[in-house]
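# Fold and contact review
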Amino acid sequence: MSWLEPSLAAEGARIMTICNACRYCEGYCAVFPAMEQREQFGPADLGYLANLCHNCGACLPACQYAPPHEFGVNVPQTLSQIRVASYQLPRRKTVLMLGIASAGLLLLVLLAGTAWTTLFARHDGGAFYEVISHDEMVRLFLFAGAWALVGMGLVFAIRHGVVRGVRRADFGAIRRGWSDALRLVNLGGGGEGCIEEHERPAQVRRIYHHFVFYGFLSCFLATIVAAFYDNVLGWRAPYPFASLPVIFGTLGGVALLIGCAGLFRLLRERDVALSDKGERGRSMMLLVFLFATAATGLLLLVFRGTAAMGFLLILHLAIVFGLFVTLPYGKFMHGFFRIAALIRFASEQGD
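Conventions used here
- Residues numbered from 1 in each chain as written.
- Predicted model: local features only at pLDDT ≥ 70, side-chain atom pairs only at ≥ 80, totals over all residues.
- Heavy atoms only, no water.
- Salt bridge = Lys/Arg side-chain N within 4 Å of Asp/Glu carboxyl O.
- Buried < 20%, exposed > 50% of the residue type's maximum accessible area, 1.4 Å probe, protein only.
- Helix = DSSP H or I, 4+ residues; strand = E, 2+ residues; numbered from the N terminus.

## Considerations on the pattern of salt bridges
Scanning all chains against the criterion turns up 9 salt bridges. The salt bridge involving R236 is made with D230; its shortest N-O contact spans 3.4 Å. R236 sits in the partly exposed class, given a relative accessible area of 45%. Residue D230 is classed as buried on the basis of its relative accessible area of 10%. When salt bridges with common partners are traced through the structure, they connect R38, D45, R344 and E348 into a single cluster.

## Observations concerning unusual backbone geometry
Here the bond from P67 into P68 is cis, since omega is 15 degrees, no more than 30 degrees from zero. Relative to the assigned elements, P68 resides in the loop between α4 (59–62) and α5 (75–87). Geometrically, the link from A237 to P238 is a cis peptide bond, its omega value of 5 degrees lying close to zero. Assignment of secondary structure puts P238 in the loop between α10 (204–233) and α11 (244–269). Of note in this structure, R23 is not a glycine but carries a positive phi near 65 degrees. Along the chain, R23 falls in the loop between α1 (6–22) and α2 (31–35). On the basis of relative accessible area, R23 is assigned to the partly exposed category, the value being 36%. With a phi close to 50 degrees, L184 is a non-glycine residue in the positive phi region. For L184, the position within the fold is in the loop between α9 (171–183) and β1 (194–195). Exposure remark for L184: the relative accessible area of 8% places this residue in the buried category.

Remember, this is a structural readout, not a statement about activity or role.
As structure tokens, then:
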């Protein structure tokens, strides 16, 4: 049984066949050169092309067959629908409820298990482990990390066929694929940028996306350094403001706030014809979780020397836990499939 609904597979193949005959948009992004190497468009080909598409939307206003033309060609929206189907397993509302329920449940458990005199006490230097023990915190996030890694591995194992061909890539193709992913080359819309309000191209979406990606990376790096300090050097948190974990975490948190707020606004204002409703919802859900994680992390840093530290610590941990639980089933997975598609594209192009 195919992962792609027959009606959506037929629509995707119809549109790609029309585009393959026209080829007016071949300079916009990697989708069109990859399409030109094919004569038939089965589910695997459509999944690969859909994950190459970065949804910049530049090809829609350029298309002479776009609605209201009788052909009704809408490449960004059709590939968005196929892309969601290629790596998403549970329904969007199920993922949302899973994240909220897990974060809420952990919040209640931690609040119930912490004495109020401890929760709202002023702790010297913001000593986190006086509120939640070191071992309890380690067990909690070992479980959350294992859940996320196993879940993401299972989703990729089940749906890896949509980007098959990656294993045959040589070093040059892997380097080119990662380079294109890290620079978001395909969000350039052929050079003028993504289509935003009133069909005007702009680079702002690409910039905000960079803030989110590198902000997340900086926060992840802060966690790795903190874990090294704690488990190898025996230096227990909290760390000074001038330490590497705090510097990386602060820069990453601020970048996440800017990027998430900017992308959320663009998503709300963007033409709904450019993407699938389900993908928009999943994008917003991930942005909200990332924004809340960054905001509570920065608040915890600012108020760690006050009586508010205990509650802020528990709130931050609960939101991070909810984020981890939803990672395998939300928009976060698109990054892995997109990098794999870009490496396959570089391999097909002979790089």
